[in-house]
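Now for the letters of each chain:
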Amino acid sequence: MDTLDLEKGLTIDEMISVCIQNFDSDGNPKDRELVQMFLMMHPWYISSGDLAKKFFALSEAGDNAERERICHLVRFWIAEYPAEFDLNPELGEQIRDLKRALENNGNRRESSLIDIESVPSYGWKRQVTQRGHGGRIRKTSLLFDHLDPSELAEHLTHMEFHSFSKILFQDYHSFVLHGCTVGNPVLERFIALFNSVSQWIQLMVLSKPTPQQRAAVIKQFVQVAEKLLELQNFNTLMSVVGGLSHSSISRLKETQSHVCAETTKVYDSLLELLTSSDNYSRYRRRLALCEGFSFPALGVHLKDLMALHVALPDWTDKARGAINISKMHQVYKVVHELTETQRQKLTVTANNDLLNLLTVSLDQYRSEEEIYQLSLQREPRARSSQAAVKSPPSPTLPMEEWASLKAKPDQALLCQHIEKMVESVFRLFDEDGDGHISHEEFHTVRSNFPYLCAFDEIDQNQDGKISKQEMTSYFLRASSVLDCKMGFIHNFSERTFLRPVSCQHCGNLILGIYKKGLKCRACGVTCHKHCKDRLSVECKKRSKSVCERRESSHQGRHFSFTLPRSFKKSPLPPELKEEDPQVEEDGVFDDRL
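Just so we're clear, the structure is a prediction, and the values are computed from it rather than from any experiment.

Turning to the pattern of salt bridges, a few remarks are in order. Considering all chains together, one arrives at 19 salt bridges under this definition. Note that K53 and D50 form a salt bridge whose closest N and O atoms lie 4.0 Å from each other. Of this pair, K53 and D50 both sit in helix α3 (residues 48-61), three residues apart, roughly one helical turn. A residue is classified by how much of its surface remains accessible, and K53, at 51% relative accessible area, is exposed. E379 is the salt-bridge partner of R214, the closest N and O atoms lying 3.3 Å from each other. Note that R214 is positioned in helix α11 (residues 211-230) and E379 in the loop between α20 (368-378) and α21 (381-390), a separation of 165 residues in sequence. For R214, a relative accessible area of 0% gives the class buried. On the accessibility criterion, E379 (0% relative accessible area) is buried. Ionic contacts of the salt-bridge type, sharing partners, join the residues E93, R96, D97, R100 and E117 into one network.

Next up, the structure:
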């Protein structure tokens, strides 16, 4: 890697040449990581079929030494990534054509270096257990009440790791390049399994009729989470903790009052470990200290891949076709660590009958809304409010952040916002540029600011036109009455931006792994958190009705977001929906996977 010009970059042909020359006469690569990186990452820039064609053309044009190195490179490719050849018949046939061409030209020694017939079958990696469809609702299995937490933790680990081991590096490429899991059934199924564990835990808690029984189930799953941490299974741990911290469970104040202090303390420590603050720094430190088997929280590392993809360009010089080697290497490191994790040997054994029962229990067909309604049946709102007074406060739940951030500027800042907004209004709507808003121009302004009063009430001197001073005076008078209905008052929520987005105040890009910026739920304007109170762009409410927005949101809910469903947005609880029916549900992602 040190020999490459990271700033200048290399073209595909130059990179191929570097990899070929990397092999000595014995077939050993001088820089193994470099060759692995290119063979793993090449689908970002060139298809495997086209790469095989280049190898074929170079072998015909090169001398004996060149052909031998090419064969060593192809043999290395097959040895390192055999599943790619087994699951891509066309690629396998191209390599056979290369082998036959070498034999026909009398290059039997070079031909003997290539052996694709011994590649094992990896068809099982593409076999995905399909979840049933239809309106049928399975009942939650209660056969696990008597299970030891260690036994349940081991079986959950077995299930999720087996699903994880099916993911190929091409699946990670597809997810990052397309920004979703569409057409990626293996990764989609893994994410669905992760979410199923979280949902199953909620249903297991809510299946109990009394607060004491529900508290006992919570205690059991906290113990399961402890065992998962001992197994160094951070992925399922995040799913279990995410289920326990879901709003349908966290709102059960009476139930929480029956959870013992020791269990609460353990639960809080697990939440602290998995918190997203400082880019999951606590989790990353704990993972780095692991020895032996460990199962990373895949969602965190998928976010890393997405962040790298967004922050860094693929090419240093696209006109020349120069690859950004630095980006290639950083993405490769993340994907390589995940694929190496898949090669670990499971340290737990599982009972097949128990796995089958657990699989049935995890295939729940309940919507988030149905689960929340079940929570309300267990502890209605009024009862919950009374219990909250008697009960100790429940643990902080950083995995769900419902509250939107609303700007509350002081009077001086309010004046500044109004003045800048009025300037914007005149730039946009003073069509003749005379420094005044006429009756005709006011109709256009009114369509963007529907709460404006009549023309005559703003036109204080009744001269048939509105000056900047008159409009500024009106907004200053109205600000105390209109409050959050003022045009510049935005309804912000924290957002994770997966594509380059600029701040509307300072113009700089909003960069970061998770929830590094704000977006107005009403008009969609974006800004940095520290620029929120200085933003002077007025809020132009979307004309779409709430029903239309909700319908479009539901239509695209199934894995059509830029993040996979494992990062799926948590639905707003009914309390918030009733308080603010204008709040949209788009883009509010929780921290689970």
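That covers the picture; the talk isn't over yet.
The axes of two packed helices give the description: the angle between them and the distance between them. Two elements in contact, α3 and helix α6 (residues 89-104), have axes separated by 9 Å at closest approach and are oriented at 5 degrees. Judged by the inter-axis angle, α3 sits roughly parallel to α6. The residues of α6 that touch α3, namely those facing S48, G49, A52, K53, F56 and S59, are L91, Q94, I95, D97, L98 and A101. Considered class by class, the residues forming the contact of α3 with α6 number six nonpolar, four polar and two charged.

You can see N22 is positioned in the loop between α1 (12-21) and α2 (32-41). Excluding its chain neighbours within four sequence positions, the residues that come into contact with N22 are N28, P29, K30, D31, L34 and V35. Of note is the side chain of N22, whose polar atom sits 2.9 Å from the backbone nitrogen of K30. Engagement of the side chain of N22 in a polar contact is seen with the backbone nitrogen of D31, the distance being 2.7 Å.

The next point concerns the nonpolar core. The biggest cluster of nonpolar side chains holds 66 residues, and the ones touching the most others in it are Y172 and L298. When sequence neighbours within four positions are dropped, the list of residues in contact with Y172 reads F164, I167, L298, L302, L305, V335, L338, T339 and Q342. L147, W200, L228 and L252 belong to the second largest nonpolar core, which has 52 residues in total.

Across all of its chains, the model carries 14 aromatic pairs by this definition. When the centroid spacing of 6.5 Å and the interplanar angle of 50 degrees are considered together, the rings of F190 and F295 count as tilted. Taken together, the residues span a long stretch of sequence, with F190 in helix α10 (residues 185-206) and F295 in the loop between α16 (277-288) and α17 (298-311) at a distance of 105 residues. Residue F190 shares its accessibility class with F295, and that shared class is buried. Seen in terms of ring centroids, F234 and Y283 are 5.4 Å apart; in terms of plane orientation they differ by 75 degrees. Their pairing is edge-to-face. Taken as a pair, F234 in helix α12 (residues 234-244) and Y283 in helix α16 lie far apart in primary sequence, 49 residues in all. Here F234 and Y283 have matching classes, each one buried. In textbook terms, an aromatic cluster arises when at least three aromatic residues are bridged by ring pairs, as seen for F161, F164, F190, F293 and F295.

How each quantity is defined
Numbering of residues starts from 1 in each chain and follows the order in which that chain's sequence is written. Two thresholds apply to this predicted model, a pLDDT of at least 70 for residue-level local features and 80 or more for giving and counting side-chain atom pairs, whereas whole-chain, interface and lining totals are computed over all residues. Values reported for side chains reflect all heavy atoms of the structure, with hydrogen atoms and water molecules removed beforehand. By salt bridge we mean one thing: a side-chain nitrogen of Lys or Arg within 4 Å of a carboxyl oxygen of Asp or Glu. Strands are runs of DSSP state E lasting at least two residues, helices are runs of H or I lasting at least four, and both sets are numbered from the N terminus onward. Three labels apply to residues, based on accessible area from a 1.4 Å probe with only protein chains included: buried if under 20% of the type maximum, exposed if over 50%, partly exposed otherwise in between. Only the stretch in contact is used when fitting a helix axis, every axis being a line fitted to C-alpha atoms; angles between N-to-C directions are given from 0 to 180 degrees. For classification purposes, an angle smaller than 35 degrees is called roughly parallel, one larger than 145 roughly antiparallel, one from 65 to 115 roughly perpendicular, and anything else oblique. Residue contacts follow a heavy-atom distance rule, with two residues in contact if any of their heavy atoms lie within 4.5 Å. We call Asp, Glu, Lys and Arg charged. Ala, Val, Leu, Ile, Met, Phe, Trp, Tyr, Cys and Pro are nonpolar, and the rest, Gly among them, are polar. We call two N or O atoms a polar contact when they sit within 3.5 Å, provided that within protein one can donate a hydrogen and the other can accept it, with sequence-adjacent residues counted only if both atoms are side-chain atoms. The term nonpolar core refers to a set of buried residues drawn from Ala, Val, Leu, Ile, Met, Phe, Trp, Tyr and Cys, joined through side-chain atoms within 4.5 Å. In this scheme Phe, Tyr and Trp rings, the latter by its six-membered ring, pair at centre separations within 6.5 Å, and the angle between planes marks the pair as stacked below 30 degrees, edge-to-face above 60, and tilted otherwise.

Read these as layout, nothing more, since geometry by itself doesn't imply function.
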